[in-house]
Amino acid sequence: AAYALIRYGASTTTAPLIAALKDPSARVRMQAARALGAIGDSTAFLHVSAAAKHDVDWRVRVNATNAMGTFSLPRMFDLLPLRDADEHVRLAALSALGAAASRQGGYVTPAERGESVDFLIQILSGVPRDAQAQPTWREHAAAALALANTIRGEALEILAPLVRASRPLFRARLAPALVATQDRRAFSVLRKLAADSALVVRLAVVEALPQLNDPRALNIYLTALESGDQVLTAIAMQNLAADSLQGQQYLPKMIAAYRRLKPPLDVEAAQIIFQSLARCGDSTVVPIL
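Remember, it's a predicted structure, so these values are computed and weren't measured experimentally.

Moving on to the side chain of Thr13. With respect to the helices, strands and loops of the structure, Thr13 is situated in the loop between helix 1 (2-8) and helix 2 (14-20). When its relative accessible area of 9% is taken as the criterion, Thr13 is described as buried. Looking at Thr13, its side chain comes within polar contact range of the main-chain oxygen of Ala10, at 2.7 Å. Contacts of Thr13, omitting those with residues within four sequence positions, involve Leu5, Tyr8 and Ile39.

Here it is, written out as structure tokens:
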């Protein structure tokens, strides 16, 4: 029933859902927290916050923390379980902190900005929260995105040097953080990542770039078409086909890239490729389809 009320999304269900946060079943409490987040009724916020900080089950704390990220309220920093003993909860808290700031257009009050920004920079610098806790690379990545959502272009000075991080998965997660700055200066950093030795990093850049809406990304997409990798080729084609003029202009390159791929094609990559070719609206793709 609590799960169904996530879809229902009516404030008239707030009271019974708050009561469900005390249910003996952790699964019920999880879904009640998710439903309250979907409703977004501010009267439920402190109850969700209490569940996020104090519930005995880490899964409930994660879902309650995620729900907190859907509320647009000030002073989120003090209410989120950013120092929870469980990494899953800490990651959810970092995501919620960034999501709340993003909905405010990157603006937070000066006092909250100082607390949250200092905390995020501390994580990115690798300084432990206390004697026992050392942030993981996943927390570094989540902090990078939260910082970008909080201070936008001001985060570039901190994020740019991180492209030299040794872990490819972290460098990949850095791409959406750079895009989240919504600053054109981020493109030069993304261009470096687009030439990364790790495929997972190059893929992350091509996936993230459309959100930056920078025409200079075209050359990165065209380079990706030459990669011979199915997924990278598929995402590049999807990006090119999203612009009707680009789709028509570069359709021959897209067809050539498709024909160079070694079979069998991954199902999901094939779906993206065929949809992209069709979206170009040119009858030359009919025989391929």
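Orientation of helix 9 (residues 137-151) relative to helix 11 (residues 168-180), taken along the N-to-C sense of each, is 10°, at an axis distance of 8 Å. Relative to helix 11, the element helix 9 is oriented roughly parallel. Packed against helix 9, whose contacting residues are Trp137, Arg138, His140, Ala141, Ala142, Ala144, Leu145, Ala148 and Asn149, the element helix 11 presents Leu169, Phe170, Arg173, Leu174, Pro176, Ala177 and Ala180 at the interface. Residue composition of the contact of helix 9 with helix 11, grouped by class: twelve nonpolar, two polar and two charged.

Following Pro263, the chain continues to Pro264 via a peptide bond in cis, the omega torsion being 0°. Residue position: Pro264 is located in the loop between helix 17 (251-260) and helix 18 (267-279). Notably, Arg152 is not glycine yet its phi reads approximately 50°, a positive angle. Mapped onto the elements of the fold, Arg152 is located in the loop between helix 9 and helix 10 (156-159). Look at Asn213: it is not a glycine, yet its phi comes out positive at around 55°. You can call Asn213 exposed: its relative accessible area is 67%.

Here we come to helix 5 (residues 58-68). Across the eleven residues that make up helix 5, a large majority, eight, are buried. Those residues of helix 5 lying buried are Val60, Arg61, Val62, Asn63, Ala64, Thr65, Ala67 and Met68.

One can describe the packing of helix 3 (residues 26-39) onto helix 5 by two numbers: an axis separation of 8 Å at closest approach and a directional angle of 5°. Between helix 3 and helix 5, the crossing angle belongs to the class labelled roughly parallel. Of the residues in helix 5, those in contact with Ala26, Arg29, Met30, Ala33, Arg34 and Gly37 of helix 3 are Arg59, Val60, Asn63, Ala64 and Ala67.

What follows concerns the packing of aromatic side chains. Per the stated rule, a full pass over the model turns up three aromatic pairs. Between the aromatic rings of Phe77 and Phe119, the centroid separation amounts to 5.6 Å while the plane-to-plane angle is 70°, which identifies the pairing as edge-to-face. In this pair, Phe77 is assigned in helix 6 (residues 76-79) and Phe119 in helix 8 (residues 110-124), connecting sequence segments 42 residues apart. Note on accessibility: Phe77 and Phe119 belong to one class, buried. Their ring planes at 70° and their centres at 5.7 Å tell us that Tyr258 and Phe274 sit as a pair that is edge-to-face. Of this pair, Tyr258 sits in helix 17 while Phe274 sits in helix 18, placing them 16 residues apart in sequence.

Turning our eyes to something else, we now look at the pattern of salt bridges. Summed over the entire model, instances satisfying the criterion amount to ten salt bridges. Among the ionic pairs, Arg90 bridges to Glu139, the shortest N-O distance being 2.9 Å. Within this pair, whereas Arg90 is found in helix 7 (residues 87-103), its partner Glu139 is found in helix 9, the two being separated by 49 residues in sequence. Overall, Glu139 belongs to the buried group, its relative accessible area being 1%. Arg260 serves as the salt-bridge partner of Glu226, at 3.3 Å between the closest nitrogen and oxygen. Of this pair, Glu226 sits in the loop between helix 14 (218-225) and helix 15 (230-241) while Arg260 sits in helix 17, and the two are 34 residues apart along the sequence. Judged by its relative accessible area of 43%, Arg260 is partly exposed.

A separate point is the layout of surface pockets. Each pocket or cavity is described by its volume, and for the largest pocket that value is around 210 Å³. If you trace the largest pocket, you find it lined by Leu209, Pro210, Asn213, Asp214, Pro215, Ala217, Leu218, Tyr221, Asn239, Ala242, Asp243 and Gln246. Across the lining of the largest pocket, the residue classes tally to seven nonpolar, three polar and two charged. Roughly 180 Å³ of volume is contained in the second largest pocket. Residue lining of the second largest pocket: 13 residues in total, with Ala194, Ala195, Ile220, Thr223 and Ala224 positioned closest to the centre. Of all the secondary structure elements, the ones that give two or more residues to the lining of the second largest pocket are helix 12 (186-194), helix 13 (199-208) and helix 14.

Parameters and conventions
Residues numbered from 1 in each chain as written. Predicted model: local features only at pLDDT ≥ 70, side-chain atom pairs only at ≥ 80, totals over all residues. Heavy atoms only, no water. Helix = DSSP H or I, 4+ residues; strand = E, 2+ residues; numbered from the N terminus. Buried < 20%, exposed > 50% of the residue type's maximum accessible area, 1.4 Å probe, protein only. Polar contact = N/O pair within 3.5 Å; in protein donor to acceptor, adjacent residues only side chain to side chain. Contact = heavy atoms within 4.5 Å. Axes fitted to C-alpha atoms, helices over the stretch in contact; angles between N-to-C directions. Parallel < 35°, antiparallel > 145°, perpendicular 65-115°, else oblique. Nonpolar A, V, L, I, M, F, W, Y, C, P; charged D, E, K, R; others polar. Phe/Tyr/Trp six-rings, centres within 6.5 Å; stacked < 30°, edge-to-face > 60°. Salt bridge = Lys/Arg side-chain N within 4 Å of Asp/Glu carboxyl O. 1 Å grid on protein atoms, 1.4 Å probe; cavity = no way out; pocket = protein on both sides within 12 Å on 5 of 7 lines; lining within 4 Å. Points joined across faces, edges and corners; volume = space filled by probe spheres on them.

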